[in-house]
Amino acid sequence: MRIRTALAALTLATAGLLGAAGAASAEEGLDASWGQGQFFVNETGAGVQSAQSSAAADGVSRAGFWILADDSGVSGSFNGSGVTYNNE
């Protein structure tokens, strides 16, 4: 989990630095993304998790979630953040 968080933070920090470089970098079409996910199903339950981040000329975003279903019910979590730039 720490590796995913570190990679997402690095992507967001890089995008922020590139966005601060000015309109010239925005006009060149910056676009970067990263994603990772996994799932499992076995005799005790099923689960899925995913994390992704992206950086583009108009903003950055990051999101992650997990869902687990077993004999006790269904649980999960989601978190995300982002910012949009107006380069006009």
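Residues numbered from 1 in each chain as written. Predicted model: local features only at pLDDT ≥ 70, side-chain atom pairs only at ≥ 80, totals over all residues. Heavy atoms only, no water.

A. The arrangement of the overall build of the chain in detail. In terms of regular secondary structure, the chain is built from 2 helices and 4 strands. Listing each helix as α and each strand as β along the chain from the N terminus yields α-α-β-β-β-β. Residues counted as buried form 19% of the 88 residues belonging to the chain. In the chain, once contacts between residues fewer than 6 apart in sequence are set aside, the share between residues at least 24 apart is 35%. Total accessible area on the chain stands at roughly 6100 Å², and carbon and sulfur atoms take up 59% of it. (Helix = DSSP H or I, 4+ residues; strand = E, 2+ residues; numbered from the N terminus. Buried < 20%, exposed > 50% of the residue type's maximum accessible area, 1.4 Å probe, protein only. Contact = heavy atoms within 4.5 Å. Areas by Shrake-Rupley, 256 points an atom, 1.4 Å probe, with all protein chains shown as cover.)

B. Looking closely at the environment of glycine 76. Mapping glycine 76 onto the fold places it in strand β4 (residues 73-84). In sequence terms glycine 76 and glutamine 49 are 27 residues apart; their C-alpha atoms lie 9.2 Å from each other. Those residues within four positions of glycine 76 in sequence are excluded, and the remaining contacts are Trp66 and Ile67.

C. The pairing of strand β3 (residues 59-70), seen in detail. Here 12 bridges tie strand β2 (residues 45-56) to β3, and the two strands are oriented antiparallel to one another. Considered in β3, the bridge of valine 48 is made with isoleucine 67. Linking β2 back to β3 in an antiparallel pair, the connection comprises 2 residues. Examined bridge by bridge, β3 and β4 share 12 bridges and lie antiparallel to one another. Looking at the pairing, alanine 63 lines up with glycine 80 of β4. Here β3 folds back onto β4, and the loop between the two strands holds 2 residues. (Pairing = 2+ DSSP bridges.)

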